[in-house]
Amino acid sequence: MQLRLQKVKPPNIPEARIRQSGVWGTDLLLTGASRVLVNAPSGSGKTTLIHLLYGLRREFSGKYELDGQDSAEFGRREWSEVRQARFSVVFQDLRLFPQATGMENIRLKSELRPVSAGKDIPAMAKRLGMDDKLDRPVNTLSQGERQRIAILRAMCQPFDWLLLDEPFSHLDEANIGFARALMLERVEEEKAGFLLAGLGFDYGFQTDKAINL
Amino acid sequence: MTRLLRQIIWRGQSRRSFVFAGIGFLLGLSFLLLAVQLYDRVYSGIRADLESGELSRYLVLHKRIGNAQVMGKASPNFNEAEVEELRGQAFVQELAPFRGNSFAAAMTMEQFEDMQVLLPLESVEDAFLDTIPNGWSWSAEDARIPVILSSEFLNLYNAVLAPSMNYPRFTREFIQQYPLEILLIGNGQKRSMPIRVVGFSDRILSVLVPGEFLSWANEEYGSGERAEYARVIAQVSDPGDEALKRFLETKDYETSQDALKGTAAGALQALLALLAFLGLLFFALATVIFLMAFELTISRSRQEIDLLIQLGHTLPSLTRAVAGMFVPVVLGLGGVSILLLLVVVNLLSDAISAQGLAIESGIWSGVWLAAIVFLGSVMALSLWRIHASLVALAR
């Protein structure tokens, strides 16, 4: 899926930032299966960009197109469809249901649009060292464990783009490596692209494009 | 998936409001359906009779049989003076005495030699008959005697007499075609004459024959015409008239149950109105509580629902999850309500029959329709409100 931002300016980003940005106020074309690193200093609108692409933030000037379709014309149904099958996301604030178990959190996403990867959640969880913690309520897990549940949730659905908003902030080197391998494997399987937004680290991902936000 | 969504949305939510609303809903629906059932099975029948003047405007009066009548110290019959006194009352519009047979009469059938059903023959002025059927006349030259049977008499015969004596049962149509005979016995004579049932009466519980025949037969086989009358029929302006009731009590006269239907209809109307009012009240309150409880649930689960929408869940699936077990529970309550109705109807059936009012058993088809309308409306309203609340949240 091709993403195009045409002179998009969110209202919460200062004009001075926008003038220096390689994203805001410019024409940005992200072709399908691209691997994009977004270097985003604090306050530059990294989370705003992820939310905008995912359709959670719709207050902006300019135009955002998905495969040539203007996102302004999307209704609830179209955004549901996009979130079920076109975008997968790891939010910076994770956005998990704290009372539900890890497995329930994953199933809430994976059962929306089942894929083969979703059938083997325990195996994927094992790769991230989470197989024995899937049945525990999320609010009893550490921050790093919650982050891995959020990553697993993002892996169990079909997608054209994997959006990552500082996905490894609470993981150690080893776990980052496991998670990266799983992500790249799923990106290959889905023939998808990814957009990694962070503070400038690529976490060992090979990217095609780096943009300064 | 819906189950998982339901767990997420309903986790930690109080269900107390729904339990209260469910109880109110069950009571309301039961009252409403009972009102609908009784309206059809009891009230509308009586009302139709009242409006057509078929029943309640005609009273068949007789003296209460007490010890004095049993001991022979007082006559059980009306004499001419008593008939005239009745005729003179303001509430009586028209009045006529029944003339009875002073001989023995029994219905027989050629095919059933043992069969002899004693017939209480009576005659009354034609003006008091429900309808005057074809062939309702008799002269000494006529071999066949026309008869008007009371519908209740035929019911009683079919329900009790026929099975107990192993006699054939008759439909209305069949008995009108069947070759029946009447055996007249008296004054040392015995004669069998063919009779033909020419019509039925809902108003008069008797076996009616033309006056000409009764006069002739009383002379031939009985002790002639009596100057006293066991029963009189009166057309009254208002069967619920207090003056009429007081007069009957004072004189120790009794009336047929038909008269009671006038007052019973009024009481029943009030009962049905009360039932329907209470039913609607409970139903409306329960529906409002349901709607408010759903809105509260959505409000309390606002964050969860918002996140579910962010993950890609659609409003229809979330509506189903918020509604949860509502639809099956409402349908279940509807089923329980119908069962309760069946029990109440069966209990009432006996009580109402004892008051002389007929009630059909089983549930009227209109009740099913009403149940579908009430259940459908509360489900549609609730689902619509849930969806509308979610739409407002999803903006």
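Structure: above.
Remember, it's a predicted structure, so these values are computed and weren't measured experimentally.

Caption draft 1: Examining the overall build of chain A more closely. Along the backbone of chain A there are eight helices and nine strands. Each of the 213 residues in chain A was classed as buried or not, and the buried ones make up 44%. By sequence separation, contacts in chain A at least 24 residues apart represent 79% of the contacts at least 6 residues apart.

Caption draft 2: Region of interest: the overall build of chain B. Helix and strand content of chain B: 13 helices and 12 strands. When the 395 residues of chain B are sorted by exposure, 32% land in the buried category. Excluding contacts between residues fewer than 6 apart, the proportion of contacts in chain B whose partners are at least 24 apart in sequence is 83%.

Caption draft 3: Main features of the environment of Glu173 of chain A. Summarising the element assignment, Glu173 of chain A is placed in helix α8 (residues 173–190). Considered as a pair, Glu173 of chain A and Tyr203 of chain A are 30 residues apart in the sequence and their alpha carbons are 9.0 Å apart.

Caption draft 4: How the structure looks around the interface of chain B and chain A. Tallying the contact residues gives 13 residues for chain B and 16 residues for chain A. For the side of chain B that touches chain A, the elements supplying multiple residues, two or more each, are α1 (2–10) and α10 (302–311) of chain B. With four residues, α10 of chain B is the largest single contributor of residues to the side of chain B that touches chain A. By residue class, the composition of the side of chain B that touches chain A is seven nonpolar, four polar and two charged.

Caption draft 5: Representation of the nonpolar core in the model. The biggest cluster of nonpolar side chains holds 103 residues, and the ones touching the most others in it are Leu152, Leu162, Leu163 and Leu195 of chain A. By residue number, the principal contributor to this core is helix α2 (residues 16–52) of chain B, which donates 13 residues. Setting aside residues up to four positions removed in sequence, Leu162 of chain A forms contacts with Ser88, Ala154, Met183, Val187, Ala192 and Phe194 of chain A. Grouped together as the second largest cluster of nonpolar side chains are 38 residues, Leu121, Leu180, Ile195 and Val207 of chain B included.

Caption draft 6: How the structure looks around the sheet that holds strand β2 (residues 92–97) of chain B. Residue and element names in this part refer to chain B. Spatially, β2-β11-β1-β12 is the arrangement adopted by the four strands of the open sheet, whose pairing is antiparallel. The open sheet terminates on both sides in strands that have one partner only, identified here as β2 and β12 (253–255). Neighbour to neighbour, the strand axes of the sheet diverge by 30° on average, direction disregarded. Of the strand pairs in this sheet, strand β1 (residues 58–63) and β12 are connected by three bridges, and their pairing is antiparallel. Bridge pairing in β12 links Leu61 to Thr255. On top of the sheet, helix α4 (residues 80–87) reaches β2 and β11 (231–236); it is set at about 160° to β2, its chief contact.

Caption draft 7: Just the packing of helix α7 (residues 143–155) of chain A against α8 of chain A, in detail. Residues and elements named next belong to chain A. One way to put it is that α7 packs onto α8 with a least axis distance of 10 Å and a crossing angle of 10°. Considering their axes alone, α7 and α8 lie roughly parallel with respect to each other. Counting all contacts with α7, which are made through Gly144, Arg148, Ile151 and Met155, the residues of α8 involved are Asn175, Ala179, Leu182 and Arg186. Across the contact of α7 with α8, the residue classes break down as four nonpolar, two polar and two charged.

Caption draft 8: A look at the pairing of β1 of chain B. Judged from the five bridges that link them, β1 of chain B and β11 of chain B form a sheet pairing that is antiparallel. Across the sheet, His62 of chain B pairs through a bridge with Arg231 of chain B, a residue of β11 of chain B.

Caption draft 9: Representation of the sheet that holds strand β6 (residues 87–90) of chain A within the structure. Residue and element names in this part refer to chain A. Strands sit in the order β6-β7-β8-β3-β9 across an open sheet of five strands; the sheet is parallel. Among the strands making up the open sheet, the edge pair consists of β6 and β9 (209–212). Each adjacent strand pair in this sheet contributes to an overall mean axis angle of 15°, direction not counted. Both strand β7 (residues 161–165) and strand β8 (residues 193–198) contribute to a ladder of five bridges, which runs parallel. By the bridge assignment for β8, Asp165 is matched with Ala197. Set on the sheet, α7 makes contact with β6 and β7; between it and β6 the angle comes to about 175°.

Caption draft 10: Local environment of unusual backbone geometry. Residue and element names in this part refer to chain A. For Ala33, which is not a glycine, the phi torsion comes out positive at approximately 65°. Relative to the elements of secondary structure, Ala33 occurs in the loop between β2 (27–30) and β3 (35–39). For Tyr203, which is not glycine, the phi torsion reads 50° and is therefore positive. Note that Tyr203 resides in the loop between β8 and β9. A tally of 18 C-beta atoms within 10 Å means that Tyr203 is categorised as partly exposed.

Cut-off values and rules
- Residues numbered from 1 in each chain as written.
- Chains lettered and ligands numbered in written order.
- Predicted model: local features only at pLDDT ≥ 70, side-chain atom pairs only at ≥ 80, totals over all residues.
- Helix = DSSP H or I, 4+ residues; strand = E, 2+ residues; numbered from the N terminus.
- Buried ≥ 20, exposed ≤ 12 C-beta atoms within 10 Å, placed from the backbone.
- Contact = placed C-beta atoms within 7 Å.
- Nonpolar A, V, L, I, M, F, W, Y, C, P; charged D, E, K, R; others polar.
- Core = buried A, V, L, I, M, F, W, Y, C linked by C-beta atoms within 7 Å.
- Pairing = 2+ DSSP bridges.
- Axes fitted to C-alpha atoms, helices over the stretch in contact; angles between N-to-C directions.
- Parallel < 35°, antiparallel > 145°, perpendicular 65-115°, else oblique.

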